[in-house]
Protein chains: 2
Amino acid sequence: MSYFSDPGNLCLFLQLELDDAIRRLHRVVGNAVVDDDRYVGGGTGSTQLFQAVLFALSSPTILTLSPSVSSPLPLSTLHCFWILEKKHGNMGMSSFLNHVMSQPPDSPLSGSKFDSYPEETEFLHSGLYNWAGDAYSFDKDGAYVELVTSPNNPDGMIREAVVNREGGKLIHELAYYWPQYTPITGKADNDIMLFTFSKATGHAGSRIGWAICKDKEVADKMIKYIELSSIGVSKEAQLRAAKILDVITEDCADSGPDKEDNFFEYGHRLMSDRWEKVREVVKRNGVFSLPKYTRDFCTFKGKDTDSSPAFAWLKSKDGLDCDNLLREFKIVTRGGTNFGVDSDYTRISMLSQDDEFNLFLERLAAIKGSINGNY
Amino acid sequence: MSYFSDPGNLCLFLQLELDDAIRRLHRVVGNAVVDDDRYVGGGTGSTQLFQAVLFALSSPTILTLSPSVSSPLPLSTLHCFWILEKKHGNMGMSSFLNHVMSQPPDSPLSGSKFDSYPEETEFLHSGLYNWAGDAYSFDKDGAYVELVTSPNNPDGMIREAVVNREGGKLIHELAYYWPQYTPITGKADNDIMLFTFSKATGHAGSRIGWAICKDKEVADKMIKYIELSSIGVSKEAQLRAAKILDVITEDCADSGPDKEDNFFEYGHRLMSDRWEKVREVVKRNGVFSLPKYTRDFCTFKGKDTDSSPAFAWLKSKDGLDCDNLLREFKIVTRGGTNFGVDSDYTRISMLSQDDEFNLFLERLAAIKGSINGNY
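Residues numbered from 1 in each chain as written. Chains lettered and ligands numbered in written order. Predicted model: local features only at pLDDT ≥ 70, side-chain atom pairs only at ≥ 80, totals over all residues. Heavy atoms only, no water.

- If you look chain A up in an unreviewed UniProt entry, it shows as L-tryptophan--pyruvate aminotransferase 1 from Hibiscus syriacus.
- Annotation of chain A in UniProt includes, under Sequence similarities (unreviewed entry), the sentence "Belongs to the alliinase family." (UniProt positions renumbered as here; feature names shortened; annotations may be inferred.)

1. Some words on the overall build of chain A
Line of reasoning, step 1. Looking only at helices and strands, chain A features eleven helices and 13 strands.
Line of reasoning, step 2. Here chain A, with 375 residues, has 57% of them falling under the buried criterion.
Line of reasoning, step 3. Once local pairs closer than 6 in sequence are excluded, the contacts in chain A between residues at least 24 apart make up 69%.
Line of reasoning, step 4. If you sum the accessible surface of chain A, you get close to 16000 Å²; carbon and sulfur atoms cover 49% of it. (Helix = DSSP H or I, 4+ residues; strand = E, 2+ residues; numbered from the N terminus. Buried < 20%, exposed > 50% of the residue type's maximum accessible area, 1.4 Å probe, protein only. Contact = heavy atoms within 4.5 Å. Areas by Shrake-Rupley, 256 points an atom, 1.4 Å probe, with all protein chains shown as cover.)

2. Considerations on the sheet that holds strand 11 (residues 311-316) of chain A
Residues and elements named next belong to chain A.
Line of reasoning, step 1. Pairing within the open sheet is antiparallel, and its four strands lie in the order 8-11-13-12. Of all the strands in the sheet, the pair left with one neighbour each is strand 8 (288-289) and strand 12 (334-335).
Line of reasoning, step 2. The sheet contact formed by strand 11 and strand 13 (residues 345-349) spans five bridges and is antiparallel. Looking at the pairing, Leu 314 lines up with Thr 346 of strand 13. (Pairing = 2+ DSSP bridges.)

3. A few points about the pairing of strand 7 (residues 209-213) of chain A
Residues and elements named next belong to chain A.
Line of reasoning, step 1. Judged by how many residues are buried, strand 7 sits mostly within the fold: five of five residues are covered.
Line of reasoning, step 2. Of the two faces of strand 7, both are covered, the one formed by Gly 209, Ala 211 and Cys 213 as well as the one formed by Trp 210 and Ile 212.
Line of reasoning, step 3. Alignment of strand 1 (residues 39-43) against strand 7, held across five bridges, turns out to be antiparallel. Paired with Gly 43 across the bridge in strand 7 is Gly 209.
Line of reasoning, step 4. The sheet contact formed by strand 6 (residues 192-196) and strand 7 spans five bridges and is antiparallel. In the strand pairing of strand 7, Phe 195 is matched with Trp 210.

4. Observations concerning the side chain of Asp 134 of chain B
Line of reasoning, step 1. Along the polypeptide, Asp 134 of chain B turns up in strand 3 (residues 130-134).
Line of reasoning, step 2. Here Tyr 136 of chain B takes part through its backbone nitrogen, which lies 2.8 Å from a polar atom of the side chain of Asp 134 of chain B. (Polar contact = N/O pair within 3.5 Å; in protein donor to acceptor, adjacent residues only side chain to side chain.)

5. What about empty space enclosed by the protein?
Gaps left between atoms are located by rolling a probe of water-molecule size over the structure's atoms.
Residues and elements named next belong to chain A.
Line of reasoning, step 1. Scanning the model with the defined rule gives eight cavities of 30 Å³ or more in all.
Line of reasoning, step 2. The calculated volume of the second largest cavity comes to roughly 60 Å³.
Line of reasoning, step 3. Residue lining of the second largest cavity: Pro 151, Asn 152, Asn 153, Gly 156, Tyr 176, Tyr 181, Thr 182, Pro 309, Ala 310 and Phe 311, and that is the complete set.
Line of reasoning, step 4. Here the lining of the second largest cavity gathers at least three residues from each of two domains, domain 1 (16-252) and domain 2 (263-374). (1 Å grid on protein atoms, 1.4 Å probe; cavity = no way out; pocket = protein on both sides within 12 Å on 5 of 7 lines; lining within 4 Å. Points joined across faces, edges and corners; volume = space filled by probe spheres on them. Domains from an automatic or database assignment.)

6. Considering the environment of Arg 24 of chain A
Residue and element names in this part refer to chain A.
Line of reasoning, step 1. Mapped onto the elements of the fold, Arg 24 is located in helix 1 (residues 16-29).
Line of reasoning, step 2. The exposure class of Arg 24 is partly exposed, given its relative accessible area of 37%.
Line of reasoning, step 3. Setting aside anything within four residues of it in sequence, one finds Arg 24 in contact with Asp 246 and Thr 249.

7. A word on the sheet that holds strand 13 (residues 345-349) of chain B
All names here are of chain B.
Line of reasoning, step 1. Pairing is antiparallel in the open sheet, where four strands are placed in the order 8-11-13-12. At either end of the open sheet lies a strand with only one pairing partner, and these are strand 8 (288-289) and strand 12 (334-335).
Line of reasoning, step 2. In terms of strand pairing, strand 12 meets strand 13 through two bridges, oriented antiparallel. When the sheet's bridge partners are listed, Gly 335 is paired in strand 13 with Thr 346.

8. Description of the side chain of Thr 182 of chain A
Residues and elements named next belong to chain A.
Line of reasoning, step 1. Topologically, Thr 182 is positioned in the loop between strand 5 (168-173) and strand 6.
Line of reasoning, step 2. Owing to a relative accessible area of 2%, Thr 182 belongs among the buried residues under this scheme.
Line of reasoning, step 3. Apart from residues lying up to four places away in sequence, Thr 182 is in contact with Pro 151, Ile 158, Tyr 176, Tyr 177 and Ser 307.

9. Overview of the nonpolar core
Line of reasoning, step 1. Core analysis: the largest hydrophobic core is formed by 180 residues, its most contacted members being Trp 210, Phe 288 and Leu 364 of chain A together with Trp 210, Phe 288 and Leu 364 of chain B.
Line of reasoning, step 2. Ignoring any residue separated from it by four or fewer positions in sequence, one finds Leu 364 of chain A in contact with Val 281, Val 282, Asn 285, Phe 288, Leu 314, Leu 326 and Ile 331 of chain A. (Core = buried A, V, L, I, M, F, W, Y, C linked by side-chain atoms within 4.5 Å.)

10. A word on the pattern of salt bridges
Line of reasoning, step 1. In total, this model carries 38 salt bridges over all chains according to the counting rule given.
Line of reasoning, step 2. A salt bridge links Arg 38 of chain A to Asp 189 of chain A; the shortest N-O distance between them is 2.5 Å. In this pair, Arg 38 of chain A sits in the loop between helix 1 and strand 1 while Asp 189 of chain A sits in the loop between strand 5 and strand 6, placing the two residues 151 residues apart along the sequence.
Line of reasoning, step 3. Note on Asp 189 of chain A: relative accessible area 37%, which makes it partly exposed.
Line of reasoning, step 4. One salt bridge connects Asp 36 of chain B with Arg 27 of chain B, and the closest N-O pair in it is separated by 3.7 Å.
Line of reasoning, step 5. Within the structure, one salt-bridge network assembled from shared partners comprises Asp 37, Arg 38, Asp 189, Asp 191 and Lys 214 of chain A. (Salt bridge = Lys/Arg side-chain N within 4 Å of Asp/Glu carboxyl O.)

11. Here we look at the packing of aromatic side chains
Line of reasoning, step 1. Using the criterion set out here, one finds 34 aromatic pairs over all chains in the structure.
Line of reasoning, step 2. With centroids separated by 5.9 Å and ring planes inclined at 85°, the aromatic side chains of Trp 275 of chain A and Tyr 293 of chain A adopt a geometry described as edge-to-face. Taken together, the residues Trp 275 of chain A in helix 8 (residues 263-285) and Tyr 293 of chain A in the loop between strand 8 and strand 9 (296-298) connect sequence positions 18 residues apart. With respect to class, Trp 275 of chain A is no different from Tyr 293 of chain A; both count as buried.
Line of reasoning, step 3. For the pair Phe 264 of chain B and Phe 300 of chain B, a centre-to-centre distance of 5.8 Å together with 90° between the ring planes defines the contact as edge-to-face. Residue Phe 264 of chain B is found in helix 8 (residues 263-285), and its partner Phe 300 of chain B is found in the loop between strand 9 (296-298) and strand 10 (303-305); the two are separated by 36 residues along the sequence.
Line of reasoning, step 4. Among the aromatic residues, ring-to-ring pairing joins Trp 178, Phe 195, Trp 210, Phe 263, Phe 264 and Phe 300 of chain A into one connected group.
Line of reasoning, step 5. Across the ring face of Phe 357 of chain A, the terminal group of Arg 274 of chain A is positioned such that the distance to the ring centre comes to 4.3 Å.
Line of reasoning, step 6. The residue whose ring lies beneath Arg 347 of chain A is Phe 311 of chain A, and the NZ or CZ to ring-centre distance is 3.8 Å. (Phe/Tyr/Trp six-rings, centres within 6.5 Å; stacked < 30°, edge-to-face > 60°. Lys NZ or Arg CZ within 6 Å of the ring centre and 35° of its normal.)

This is the structure in structure tokens:
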């Protein structure tokens, strides 16, 4: 079994079966443009692809290519890069690029760090890019890359780019833009979009993610990254993912008279049911609040639907340390400080097994009575 | 299907089945020490693991750990690191570590760059490490990491560390240390050893590699790298690899009276046969030379055996560009300059399909007659 999939295909490491399956699924769901002029590339989860995009948008090898090839960064920035390199030898390359994250002005999440993205960006101390923090407060000149995560993790909100300046490149991480989590309001048509099998269907252990991008050069460089970091993506995982996505696509395309809920409708019903229960408990015990989402028309379901995000972003109304408070009641969550906000916020997974979720509800419901005594 | 395999296991991302299968196979082959105090970690091929080791041996997070934990680098070096950082801010971290490769003095390979390793080391311009070239000519002070590839790619030679200085850490890449390629002369017992499914059994497309290491802290940091770069390794690939390795182990352990060649004996017979044919053609056409290997006692086969490496490292006796010469005869190879040596060397895969290999022999045999006229 060779490293390569199809030497004729742009992405040597993506099985044609998976490329086809990804495009078919997006077409039937209507959540992203996957026309024939778009490049689809596979990665070991969207985690690897995120780093592949950073490399693609910042690596200086562009200078060795023909000037007619569209450049991922304005020439002035590349020029700046080489000036820095000359000045400090090998040591002067780290600050020419600023990676910022997207955050709208009036959100309580301002300053959020999107969990693992800063660490994924910084851990190798790359000389090609560095994490520049909150996009809303980003005010440096020159080239930058803005990461837009929509729906956002942890708060489930729909996000758009906020810096909107000359010299900027956008990465849209759309992992949760599927009908079980949020209304599909149109086909996303961004320059670089990241999706993952993990969030689309729940198969996190397969480590399959994909990028859809418009620019051939960006796609080429992402492939170069995948080659250098792991010489491709497991074929077993790709073939299994292709089969599963195909089955889901067929299920969604089937509109026979006796058709029951399709995969995403079923998922959305389960998620809505869980959200209703959590909101009910939160309302009853009176010590927490949850984000409110706008009801919207879902083109996939053909009707107005509510958001039912993968995480509940819980806030303590009294400004208590929400993660600590819940731990007292044997509920393990991920506190707001992990996302760069205050400890009165915490993130709770809405995707646990039924038993676990029901136990969570039970323990959450028990907090009301105790809190007056204990806190 | 979750990201994680077994929360109780040190390596959250390695399936227990695969850990067991790897240890069982090494025990039956006798090519590496896999006692219970050794840590086995999985990666997306040994490519990802190589980078995980670089991170593990050079990342400064050691400073946040307890001083009693054994350090992957001498304290003076870490101190040096921080001095550099203070001096140049974020920009001064790239040259404190020197990664060298292993190369014995009198080899024609002196200066070889081991193909993709330099690019894999340098492509992100990491501030943690940099490629320092040929180990034989390495004369800098301070901490370093030496990469020993044995048997070596491209020349199939057995290698040992050559720098042997205070402050050095060794990575042993033993991808080809299996009985089909080379006599097994003992259980390798190095601090950090890398193996890969790709070379052990030919399943390159699965992207499964493993590291065996003695130090828990190195293992922990490698896991951290795997987490940050891809949140683990495909479970489909791991489970399939575990099954295949188990079948091979059972095959090797079976010593019944009617037992035919086991997997590795069969592989070695095929490889020996190919080598005999190539040597015959090379001898007959008189324009090339091939490396000579020492016959050695193979503990796995219980008898003296010859090496039959995965690549033929062909040299033009007349100092011609060997890769170009072969291309004239429609033989595609990888020229010596890719490995940092002169163009009179070239690397030819000995692992192609039968049809392809026979065609190669046919075309190679045709060179003798033409070369006097054409070159």
